[in-house]
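Notes for the structure review
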Amino acid sequence: MSLTTDDFAKFMAGDPEDNEEVPLGDALQELAIDIEVDSVEEVRDVRERL
């Protein structure tokens, strides 16, 4: 099985709802969620479960 550009055509088309004046990084930041996690504590928790 192989992929061709035709397989991606629907993903490459422009979306009329997109505001292309907003830089991609800023648009992605609007969708992002900030989560504070103590990674050391989380690793300890996982180790205790095992």
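Predicted model, so just to flag it, every value in this text is computed and none were measured.

**Topic: the overall build of the protein**
When its secondary structure is counted, the protein shows three helices and zero strands. Each helix and strand of the protein, placed in order from N terminus to C terminus, yields the pattern α-α-α. Here the C-alpha atoms of the protein give a radius of gyration of 20 Å, more than 25% beyond the 10 Å that 2.2 N^0.38 yields for 50 residues. Each principal axis of the C-alpha distribution contributes one length, and for the protein these read about 50 × 35 × 15 Å. The buried share of the protein, taken over its 50 residues, is 0%. Element-wise, carbon and sulfur atoms account for 52% of the exposed surface of the protein, whose accessible area totals about 5500 Å². Here the protein holds 4 positive side-chain charges and 16 negative ones, and the gap between their average locations is 17 Å.

**Thoughts on the pattern of salt bridges**
For the structure shown, the criterion picks out one salt bridge. A salt bridge links Arg49 to Asp45; its shortest N-O distance comes to 2.7 Å. Here Arg49 and its partner Asp45 are both found in helix H3 (residues 39-49), four residues apart, which amounts to about one turn of the helix. Taking relative accessible area as the criterion, Asp45 reaches 25% and is therefore assigned partly exposed.

**Concerning a nonpolar patch on the surface**
A cluster of nonpolar side chains, contributed by Leu3, Phe8, Phe11 and Met12, occupies part of the molecular surface with about 490 Å² of accessible area. If you trace the backbone, Leu3 turns up in the segment before helix H1 (9-12).

**Quick word on the confidence of the model for the protein**
Per-residue pLDDT for the protein averages 86, and the proportion of residues at 70 or more is 98%. Element-level mean pLDDT values for the protein span from 78 in H1 up to 93 in H3.

Conventions used here
- The written sequence of each chain sets the order in which its residues are numbered from 1.
- The predicted origin of the model limits local features to residues at a pLDDT of at least 70 and limits the giving and counting of side-chain atom pairs to 80 or more, whereas totals for whole chains, interfaces and linings rest on all residues.
- As a rule here, side-chain values come from all non-hydrogen atoms in the structure, and water together with hydrogens is ignored.
- Here a helix means four or more residues in a row that DSSP labels H or I, a strand means two or more in a row labelled E, and each is numbered from the N terminus.
- The globule rule is 2.2 Å times the number of residues to the power 0.38, and the radius of gyration it is compared with is taken over C-alpha atoms.
- For each residue, the accessible area found with a 1.4 Å probe, counting protein chains only, is set against the maximum for its type, and the residue is called buried under 20%, exposed over 50%, and partly exposed in between.
- Residue burial considers only the protein chains on display, and all accessible areas are found by Shrake-Rupley using a 1.4 Å probe.
- For this count, His and the chain ends are skipped, Lys and Arg are scored as positive, and Asp and Glu as negative.
- Note on charges: their place is set at NZ of Lys, CZ of Arg, CG of Asp or CD of Glu.
- The term salt bridge refers to a pairing of a side-chain nitrogen on Lys or Arg with a carboxyl oxygen on Asp or Glu at a separation within 4 Å.
- Two distance rules govern patches: like charges are joined within 9 Å, and nonpolar side chains (Val, Leu, Ile, Met, Phe, Trp, Tyr) within 5 Å, applied only to residues with over 30% relative accessible area and no salt bridge.
- You can read pLDDT as the predictor saying how much it trusts each residue, on a scale of 0 to 100.

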